[in-house]
Amino acid sequence: MTKNSLVSIGKISGTFGLKGHLKIDSSGDILNNLNLPAIVLLGEKQDFSNPDTLEMISLKKNKDKYIVLFGKIDTIEKAEKLKNKILYLDKSDIPALTTFNEFYIYQLIGLAPVSNNKKLSDYKLKEVMDNPAHPILIFDNGEREVLVPFLEKFVNEVDLVNLTIEIPDWETWIED
């Protein structure tokens, strides 16, 4: 397992109750599909040389967060020590999606926009920003960011094989 094979699935934001439950701010959409029990890694963004592994045994959605319970974390004192840690999952442990043309957000990062059958390889998808109305795609070329609403009206085909995402009217998004 390498750092490049890991995907961030959330950040521990606090405790929940007295029996070791933790609140997780989800990053992306993997937690929705996770099969339990699941082995996750805990790490810091800066240092990933010695991550801890924990078994996630319980997971439920609570408003805009997830509440999880790990196998060896059974008190609030143990849970407190995990606050602000980032949860990672190996890509090989992420459940496959079964619906045609369905994908995880992490799979979109790095895709290049395509417009009028022309690949714009100087731009890459840097981030998918969560927004109450709809997600926003943030493309970057090192000098400029382009924000495109992730709606059928503005985004057509996502091609994970060719690493592209079709934005039919790309020119309208980069006008000054």
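Provided above is the structure to which this section pertains.
Here we summarise the structure given alongside this text. (Residues numbered from 1 in each chain as written. Predicted model: local features only at pLDDT ≥ 70, side-chain atom pairs only at ≥ 80, totals over all residues. Heavy atoms only, no water.)

## Examining the overall build of the protein chain
Along the backbone of the protein chain there are two helices and 13 strands. Oriented by its inertia axes, the alpha-carbon framework of the protein chain measures out at about 55 × 35 × 35 Å. Counting the 176 residues in the protein chain, one finds 38% classified as buried. A total of about 10,800 Å² of accessible surface is found on the protein chain, and carbon and sulfur atoms cover 48% of it. For the protein chain, the distance from the average site of its 21 positive side-chain charges to the average site of its 27 negative ones is 9 Å. (Helix = DSSP H or I, 4+ residues; strand = E, 2+ residues; numbered from the N terminus. Buried < 20%, exposed > 50% of the residue type's maximum accessible area, 1.4 Å probe, protein only. Areas by Shrake-Rupley, 256 points an atom, 1.4 Å probe, with all protein chains shown as cover. Lys, Arg positive; Asp, Glu negative; His and termini not counted. Charge placed at Lys NZ, Arg CZ, Asp CG, Glu CD.)

## Describing the sheet that holds strand β11 (residues 145–149)
Read across the open sheet, the three strands follow the order β9-β10-β11; overall the sheet is antiparallel. Looking at strand neighbours, the two that pair on one side only are β9 (124–129) and β11, the edges of this open sheet. The sheet shows a mean angle of 25 degrees between the axes of neighbouring strands, direction not considered. Relative to strand β10 (residues 136–140), β9 runs antiparallel, the two being bridged by five bridges. When the bridges of β10 are listed, V128 appears paired with L137. (Pairing = 2+ DSSP bridges. Axes fitted to C-alpha atoms, helices over the stretch in contact; angles between N-to-C directions.)

## With respect to the pattern of salt bridges
Across all of its chains, the model carries four salt bridges by this definition. A salt bridge links D74 to K78; the nearest nitrogen and oxygen atoms lie 3.1 Å apart. According to the relative accessible area criterion, D74 is partly exposed, its value standing at 46%. What makes K78 partly exposed here is its relative accessible area of 36%. (Salt bridge = Lys/Arg side-chain N within 4 Å of Asp/Glu carboxyl O.)

## What to know about the sheet that holds strand β13 (residues 164–166)
Overall, mixed pairing links the four strands, which are arranged β8-β7-β13-β12 in an open sheet. In this open sheet, the two strands that pair with only one neighbour each are β8 (118–119) and β12 (158–159). Here strand β7 (residues 112–115) runs beside β13; their pairing, made up of three bridges, is parallel. When the sheet's bridge partners are listed, V114 is paired in β13 with E166.

## Remarks on the environment of Y106
Checked against the element boundaries, Y106 lands in the loop between β6 (86–90) and β7. Residues Y106 and E143, 37 residues apart in the sequence, show an inter-C-alpha distance of 23 Å. Setting aside anything within four residues of it in sequence, one finds Y106 in contact with V7, I30, K91 and I94. (Contact = heavy atoms within 4.5 Å.)

## Some words on the nonpolar core
Across soluble globular proteins, nonpolar side chains show a tendency to be buried alongside one another. Core analysis: the biggest nonpolar cluster contains 24 residues, and I12, L31, M56, F70 and L87 have the highest contact counts within it. Of all the secondary structure elements, the ones that give two or more residues to this core are β1 (6–16), β2 (21–26), β3 (38–43), β4 (52–62), β5 (65–70) and β6. The contacts of I12, once residues within four sequence positions are left out, are L22, K23, I24, L42, F70, L82, K83, N84, K85 and L87. (Core = buried A, V, L, I, M, F, W, Y, C linked by side-chain atoms within 4.5 Å.)

## Things to note about the pairing of β4
Here β3 pairs with β4 via five bridges, running antiparallel. Each bridged residue has a counterpart across the sheet, and for I39 the counterpart in β4 is E55. Looking at chain direction, β4 and β5 are connected through six bridges and run antiparallel. Considered in β5, the bridge of K61 is made with Y66. Hairpin connection between β4 and β5: a loop of two residues separates the two successive antiparallel strands, and K63 in this loop has a positive phi of roughly 60 degrees.

## Brief notes about the packing of aromatic side chains
Aromatic rings considered in pairs are described by the distance between their centres and by the relative angle of their planes. All chains considered together, the criterion is met by five aromatic pairs. Where F139 meets W170, the ring centres are 5.3 Å apart and the plane angle is 90 degrees; that geometry is what we call edge-to-face. Linking F139 in strand β10 with W170 in helix α2 (residues 170–174), this pair joins segments that are 31 residues apart in sequence. A residue is classified by how much of its surface remains accessible, and W170, at 2% relative accessible area, is buried. (Phe/Tyr/Trp six-rings, centres within 6.5 Å; stacked < 30°, edge-to-face > 60°.)

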